[in-house]
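Chain by chain, the residues:
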Number of protein chains: 4
Amino acid sequence: MVDDLSAIPPEIRTLADYEKHAEACLPAASWDHIQSGSGSDSALRDNRAAFDRWRLLPNVLTDLRGASTETELFGRAHVAPIMVAPLAYQCLAHPDGEMAAARAAAALETGFILSTLSSVSLEHVAQASRSAARELTKPVAPLWFQLYLQPDRADSLTLVRRAEAAGYEAIVLTIDAAIKRSEFTLPAGIEAANLQGMAKPRQHSVAGGHILFGTPLADAAPTWADVEWLRSVTDLPILLKGLVTGEAVDRAVASGVEAIVLSNHGGRVFDGFPAALDVLAHVVARAGHRLPILVDGGFRSGSDIATALALGAKVVLIGRPVFHALAVAGLSGVAHMLHILRTELELAMAQLGCPRIELLDSGRLLPHRQA
Amino acid sequence: MVDDLSAIPPEIRTLADYEKHAEACLPAASWDHIQSGSGSDSALRDNRAAFDRWRLLPNVLTDLRGASTETELFGRAHVAPIMVAPLAYQCLAHPDGEMAAARAAAALETGFILSTLSSVSLEHVAQASRSAARELTKPVAPLWFQLYLQPDRADSLTLVRRAEAAGYEAIVLTIDAAIKRSEFTLPAGIEAANLQGMAKPRQHSVAGGHILFGTPLADAAPTWADVEWLRSVTDLPILLKGLVTGEAVDRAVASGVEAIVLSNHGGRVFDGFPAALDVLAHVVARAGHRLPILVDGGFRSGSDIATALALGAKVVLIGRPVFHALAVAGLSGVAHMLHILRTELELAMAQLGCPRIELLDSGRLLPHRQA
Amino acid sequence: MVDDLSAIPPEIRTLADYEKHAEACLPAASWDHIQSGSGSDSALRDNRAAFDRWRLLPNVLTDLRGASTETELFGRAHVAPIMVAPLAYQCLAHPDGEMAAARAAAALETGFILSTLSSVSLEHVAQASRSAARELTKPVAPLWFQLYLQPDRADSLTLVRRAEAAGYEAIVLTIDAAIKRSEFTLPAGIEAANLQGMAKPRQHSVAGGHILFGTPLADAAPTWADVEWLRSVTDLPILLKGLVTGEAVDRAVASGVEAIVLSNHGGRVFDGFPAALDVLAHVVARAGHRLPILVDGGFRSGSDIATALALGAKVVLIGRPVFHALAVAGLSGVAHMLHILRTELELAMAQLGCPRIELLDSGRLLPHRQA
Amino acid sequence: MVDDLSAIPPEIRTLADYEKHAEACLPAASWDHIQSGSGSDSALRDNRAAFDRWRLLPNVLTDLRGASTETELFGRAHVAPIMVAPLAYQCLAHPDGEMAAARAAAALETGFILSTLSSVSLEHVAQASRSAARELTKPVAPLWFQLYLQPDRADSLTLVRRAEAAGYEAIVLTIDAAIKRSEFTLPAGIEAANLQGMAKPRQHSVAGGHILFGTPLADAAPTWADVEWLRSVTDLPILLKGLVTGEAVDRAVASGVEAIVLSNHGGRVFDGFPAALDVLAHVVARAGHRLPILVDGGFRSGSDIATALALGAKVVLIGRPVFHALAVAGLSGVAHMLHILRTELELAMAQLGCPRIELLDSGRLLPHRQA
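Computed from a predicted structure; not experimentally measured.

Before going further, it helps to examine the environment of Ser156(D). Tracing the backbone through its elements, the reader meets Ser156(D) in helix H6 (residues 153-165). Apart from the residues lying within four places of it in its own chain, the contact partners of Ser156(D) are Leu147(D), Leu149(D), Gln150(D) and Trp229(D).

Right, here's the structure in full:
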């Protein structure tokens, strides 16, 4: 299934190569939408710049026999601490969209998180993921559902129940994007497949009277009460996604969620936010053993992943590179991209003398003085 | 009145867009004059670079019902902590100059500070501001007068009395620009409308004998004695504008002024001066509860404003963007520009989980390590 | 022998000039291979940037009579603390490859380290080096052999015995490059002359099943046990090359090796590694008087060398500049390049008021605040 | 005399403007020689970058009546803490060379330091300087002689005696340039006018045998013994020029010299040296009240000068801008350039609220965080 690598230009060897090739494969508006950040793009730039604030130190001459990238979360094995991030409207990048990406992830036994704003229904994606695993006689990889709370709570509940029924194993509640600007219009034929028949999120007004404050959009922004409600209606593990502070950890623990995805939403929500990597060590220290901290934002290589793991992250989510690989070569592209990352992570662990994930710790980090 | 938005290019969505479009709308000499800084432009560059020394931290999942940008100064409500800075000769940017800018501010209920060097008389501007509010059945927004001390004290007093009579609610005394270089010549038809019949400021010599020291210009530079004199002749609140040090705060308090506008004069006076934002926290700490600190210099977005408020500023003044918006679309441009800023400030407050201005404090700030 | 300087363009006066001229002298693929770093090239860039983190302080008005660059290692005199680094396949840069470079080094009485991956056999190179010294009636300069452990230990032993027999005076065991990526294919006619008839290193798989971990390549990566084995089979001094941490020093001492070459392998192995210069002072302090620390990476001038010596390095290895000089002018180029470095080192020592190598210490260093 | 300003392009208003215009006025080789630094040019770049590490803080609303830039050194008044640095071969920039520069300095009552390597004899320059003052009925400004020690001590003594006889008021002994590289060849007609008939400095060999160490050049490099000798043969004040460390201060005091010129020789001697400005505060603290510290390197504006004075410098020397102004407009150019600097220094002092030089102290400085 993923063996049709002929669509992949032979000069592509890194995720940066995918990014370089993707632009030519996409309509300009889609490319701009995928690549864009918020405002001055400072959060977007930070997501990459943050990795350069660290260097990695080898533990030389270590025995690598029996080495493995395996890790565990919520009592479940992951072949590597890498998952596909919840990306909206993947059909923007390739006609097969989420179907291709989910199958590629399944082929690589890599966890996949489906966005509420999927261009394919959550049931179809779950089925595609399972078929791919079966077809390749591989174990079924973790499949999670990302939830945007809907204007009507009943619709949110419907999404949760559908995810549970389709076999999704966890709910990732995104809390940072209820209120943000977007000027992008979806092309014809692409829509939020999971939300058909549901009330649409309200837009904030753009002229006269109230601006944002005092409008239904602001009044309905999610609060801790919504987290508590979600906790009360499902037994699936819940992850809160979109935090960049340690402050929220205590409250998150108290609300009964199982994990946090540290994220500035790919720099797309607010240009004032720091990179998740820049606050990772602080948040991990605050969380202690109470909650695992997952992270996304700007990951493009195995050494990027090793850096985050050494700073205490449990799992890393891969976002825009999925779009880039989809655009270049669909299912094969995503599978190849994930294989590159896994290879690079193993190379990084070999260089660092860390045959197991838990050996990647702060002893492997050197602060990097750039100037 | 401000509904004629057809003059605004549809691709303009940010203040940076206005700046980009403005150059083509202006004679090169005016554009250069508006954009220029002093000497090596280091103060001008710092004004923008200073914002990148901070990131902003959300207080997630906060209830936004009842949120508001309202603030209060000198016992007077402001719909938001945003005012139009005192900009000289606004007819350089648009034939309607200060008339258009003041009306746009009134339409947005935004405070407006008129420069002594207005290209329209202070009486006309005050009248235009009030008519606009009446026409739109809006409350009258704060209207202040910026004072440059004149060579003859009697002329300074005349300006104060005229401002009082015209209903200006505060005097902003600019103290940093008595002595500076300028090679710009006003185009025909633009002049200092408020100063007709008054003695002109003396120029410093450029050849032979004394240079600056020992000339009437240097000998007449304003001193604390002038502040005390101004304090003695008017009951209006007085703000001192053009400070960038904490040292002056005690003396300012002792002299009986009501507030300080921290400013390096848009980087136009002296390239050795720091950005106001870089000294803001220090000056706010020095002032304590004795004096509110307003600030200007380089503000271009809602997150810029949120940063200054979190550092302790009471109100932010918007300068060059008024020129840019005037140049692009006159009154409608300025109204649109102010609306963008208000929208962005609300978005920032929503992202930061701060439904009220006073909740923006140092807990929302993270020092940003750029390298 | 090295007097034929007519091949050297007269405008070449520095190592940077050699680098600039070399590109035009080489096939693009060879040039790219020589210049390339790993991944994002951050380790490669750091190797140069690290020097700019220091400035050097003169000890003015010092008497320079009797000044000398001489130093001593393993009971052996070196005319200067400069050696030629072990560079693979020098025939990529010039048809005479290692023969030319070794002769040039001998002519300048400069220590030479031959790579296991030499394009000329170690016996021929040793002979060429000795003949050059004899011909010029110069003392024989130090000649060392760099060892990559071979898949079959018997082959490694054969290499050690051949090196001993050919008169090499030390073994430099490279420990950081067992596992790394390379897409470069050697041109026809260039091969690993020392390894004829030996088993080739295994490649890690690129599709299906195991990636790196679990493959013979990973399982056979060198460990401390291999160092102990090497220690047990030869009486030559052993240097471990490819460390960038202080952690490994204690273990290195315990394993009985004589020295460490601090190196990130020219930034070619892993882009997460720091520059050797950035960890040099820390590693020197950790080593104390137990082990001398040699260093390579990015050295291009006498002040670069002086900086490393002041940070505590015993000897500096010169890598890519040997390729550049070979490419431009073969033997004469390398001799000229080494002469430039020696001249610049003397100039630096004169400026710093250090007539002897051991006077270059931390008192000559000023941390440089770049921004 | 200096009123013929018609040769000065009207768009020249700053020293940066002179630099921009000068290139077109000079042969490429001369321009390159004047502008060049040593090695990687890092010392040259630092000389400018160092100013950006500071911002200046005003003392607002200060009374400027009676303000003056006057200062005092060796019991002698200077109209401002600005002198012309000793620049070799000024005829490279303009046919009138040192004659023009010295007359311009005299016209501005500015101290002038003549280089040993003057293209005009020291006697002619002294006479030109005095005539210019007389002609303009101005007080005679300070005139100093810069000394390079000659291979034969008798020649050095002759230079000192000639300088004394010609009325030079101090000797500036340059100690950092005895050994340095230069590939520049003087154009026909330009020579070291003061050294006719004296033994030439020895060149260091460039091929075979000794490089620098062991040659007469290195053996004759000046030492503290030479300073003590100079001290014993003249009663003129002696300044040591070319230090960038605090270490040398105690020894300098003990040797009986009167002052230090902190300098990295315009970045021309050794690229490892720091900028004088970056070590200024440290050296001033070390010197205390024992010795005044003068400084040069990269000064291009009044705020640059104010920064150095606030860091504790007594006087600032202006180097390359003299070449630039000579190249553009000869005597008038230098006079205009010095007038610009004086004007800018007065503007800076006015902005900083410092009506006297001694008020420029560390209270006016704010460290500038560039990133």
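The partner chain A presents 38 residues to the 37 residues of chain B that form the contact. When chain B packs against chain A, close to 3,200 Å² is buried across both sides, 62% of that on carbon and sulfur atoms. Between Arg364(B) and Glu247(A) there is a salt bridge whose closest N-O contact spans 2.6 Å. The interface formed by chain B and chain A includes 12 residue pairs in polar contact (both at pLDDT 80 or more).

Moving on, we come to the side chain of Asn47(D). As for its placement among the helices and strands, Asn47(D) is situated in helix H3 (residues 42-49). Those residues in contact with Asn47(D) that lie beyond four places of it in its chain are Asn264(D), Gly266(D), Gly267(D), Ala275(D), Ala276(D), Gly297(D) and Gly298(D).

A separate point is the interface of chain A and chain C. With 37 residues of chain A in contact, the opposing surface of chain C contributes 38 residues. Regarding the contact of chain A and chain C, the summed buried area is about 3,200 Å², with carbon and sulfur atoms giving 63% of it. Of all residues in chain A, Leu61(A), Gln351(A) and Arg369(A) give up the largest surface area on contact with chain C, accounting jointly for 23% of the area buried on that side. In this assembly, chain A and chain C are joined by two salt bridges. Where chain A meets chain C, there are 12 residue pairs in polar contact (both at pLDDT 80 or more). Per element, the largest residue contribution to the side of chain A that touches chain C is 12 residues, and it comes from helix H12 (residues 320-352) of chain A. Here the residues of the side of chain A that touches chain C are counted per class, giving 15 nonpolar, 12 polar and 10 charged.

Turning next to unusual backbone geometry. The backbone of His265(A) shows a phi angle near 60 degrees, a positive value even though the residue is not glycine. Locating His265(A) in the fold gives a position in the loop between strand E9 (259-262) and helix H10 (276-287). The backbone of Asp41(B) sits at a positive phi, close to 65 degrees, despite the residue not being glycine. Within the secondary structure layout, Asp41(B) lies in the loop between helix H2 (28-35) and helix H3 (42-49). On the basis of relative accessibility, which here comes to 26%, the residue Asp41(B) falls in the partly exposed class.

Residues and elements named next belong to chain D. When you line up the elements, alanine 178 lands in the loop between strand E7 (171-174) and helix H7 (216-219). Of the residues examined, alanine 178 reaches a relative accessible area of 39% and is grouped as partly exposed. Separated by 23 residues in the primary sequence, alanine 178 and proline 201 place their C-alpha atoms 8.8 Å from one another. Among residues more than four places away in sequence, those in contact with alanine 178 are Leu217, Ala221 and Pro222.

All right, on to the arrangement of the chains then. Separated without contact, chain B and chain C have their nearest C-alpha atoms at a distance of 9 Å. A gap remains between chain A and chain D, which never touch, and the nearest two C-alpha atoms on either side lie 9 Å apart.

This part is about the packing of H2(B) against helix H12 (residues 320-352) of chain B. Residues and elements named next belong to chain B. Relative to each other, H2 and H12 sit at 155 degrees, their axes nearing to 10 Å. One finds that H2 runs roughly antiparallel with respect to H12. As H2 packs across H12, the resulting crossing turns out to be left-handed. Across from Trp31, Ile34 and Gln35 in H2, the residues of H12 making contact are Arg320, Phe323 and His324.

This next bit is on the relation of the copies chain B and chain A. Screw-axis analysis of chain B against chain A gives a translation of 0.0 Å along the axis, an RMSD of 0.0 Å, and a rotation angle of 90 degrees. On this basis, the relationship between the two copies can be described by a four-fold rotation axis. Of all interface residues in chain B, a mere 5% are interface residues in chain A too; the two copies therefore contact each other through different surfaces.

Another point: the environment of Phe323(C). All names here are of chain C. With respect to the helices, strands and loops of the structure, phenylalanine 323 is situated in helix H12 (residues 320-352). Take phenylalanine 323: its relative accessible area is 8%, and that puts it in the buried class. Separated by 211 residues in sequence, phenylalanine 323 and phenylalanine 112 have C-alpha atoms that sit 14 Å apart. Among all residues touching phenylalanine 323, those that are not within four sequence positions of it are Ile34, Leu87, Ala88, Tyr89, Gln90 and Ala93.

Parameters and conventions
Residues numbered from 1 in each chain as written. Chains lettered and ligands numbered in written order. Predicted model: local features only at pLDDT ≥ 70, side-chain atom pairs only at ≥ 80, totals over all residues. Heavy atoms only, no water. Helix = DSSP H or I, 4+ residues; strand = E, 2+ residues; numbered from the N terminus. Contact = heavy atoms within 4.5 Å. Buried area = accessible area lost by both parts, 1.4 Å probe. Salt bridge = Lys/Arg side-chain N within 4 Å of Asp/Glu carboxyl O. Polar contact = N/O pair within 3.5 Å; in protein donor to acceptor, adjacent residues only side chain to side chain. Nonpolar A, V, L, I, M, F, W, Y, C, P; charged D, E, K, R; others polar. Buried < 20%, exposed > 50% of the residue type's maximum accessible area, 1.4 Å probe, protein only. Axes fitted to C-alpha atoms, helices over the stretch in contact; angles between N-to-C directions. Parallel < 35°, antiparallel > 145°, perpendicular 65-115°, else oblique. Left-handed = near helix turned anticlockwise from the far one by under 90°. Least-squares fit on C-alpha atoms with pLDDT ≥ 70 in both.

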